[in-house]
Amino acid sequence: MRWQQLFADLQAQFEAAEDAQDRAEWASRARAEIGAVRLAERIGGSVGAELVVTCRGAGRIRGVLAAQGTDWLLLADDRGRDQLVAVAAVRAVDGLGRWTAAAEEPGPVRARLDLRRALRGLARDRSAVQLVLDDGTQLTGTIDRVGADYVEVAEHAADQPRRPDAVRRVSAVVVDAVAVVRTLAPGWG
């Protein structure tokens, strides 16, 4: 009888030690997996959620995450504006859900859908926009062209179309300095 109790006790100790080791390995593995997740992937799991994104130069930007590119986020605010946020300018994000987007290599098409490509779309649409730079500078007008590393903005009042007599000046801005680009409806300044 004593031997049976001893063996049962040893078996219970062994199983408890094995469970503790499994839990420790699982926790270590989970930490390693979380440690490999990039912020863009973490944000990507919140498409459709309302987020507050703190950006260098632009402060807190609130909106529903509508889409995400390789280096940008598109937030739709409650005033009907789309806000294109450069991921490089993001400093903090509030409102993330439980999910994280799966890590994946961008395919050839997705890899080309970068911030410059999005800015080229705004230039093609001739929409009035407000560019907020990473130093807080705000430019309002129309994007004329997007180069390899710069964007040219014809500055004019948001409620006026881009016409030669309405343009106050044309500014070339380094793309890396762009924090947020907001589309503006007529009458917004």
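The notes below deal with the structure included here. (Residues numbered from 1 in each chain as written. Predicted model: local features only at pLDDT ≥ 70, side-chain atom pairs only at ≥ 80, totals over all residues. Heavy atoms only, no water.)

### Here we look at the overall build of the protein chain
Here is step 1: When helices and strands are tallied, the protein chain shows 4 helices and 10 strands.
Here is step 2: Reading the protein chain from its N terminus to its C terminus gives the helix and strand order α-α-β-β-β-β-β-α-α-β-β-β-β-β.
Here is step 3: Every one of the 189 residues in the protein chain was classed for burial, and the buried ones make up 34%.
Here is step 4: Considering only contacts within the protein chain whose residues lie at least 6 apart along the sequence, 54% involve residues at least 24 apart. (Helix = DSSP H or I, 4+ residues; strand = E, 2+ residues; numbered from the N terminus. Buried < 20%, exposed > 50% of the residue type's maximum accessible area, 1.4 Å probe, protein only. Contact = heavy atoms within 4.5 Å.)

### A word on unusual backbone geometry
Here is step 1: The phi angle at Arg-126 is positive, at roughly 60°, despite the residue not being glycine.
Here is step 2: Tracing the backbone shows Arg-126 in the loop between α4 (115–125) and β6 (128–133).
Here is step 3: Residue Arg-126 is classed as partly exposed on the basis of its relative accessible area, which comes to 39%.

### Notes on α4
Here is step 1: Burial in α4 covers these residues: Leu-115, Leu-119, Gly-121, Leu-122 and Ala-123.
Here is step 2: The positive-phi residue at the C-terminal boundary of α4 is Arg-126, with phi of around 60°.

These figures capture arrangement, not role.
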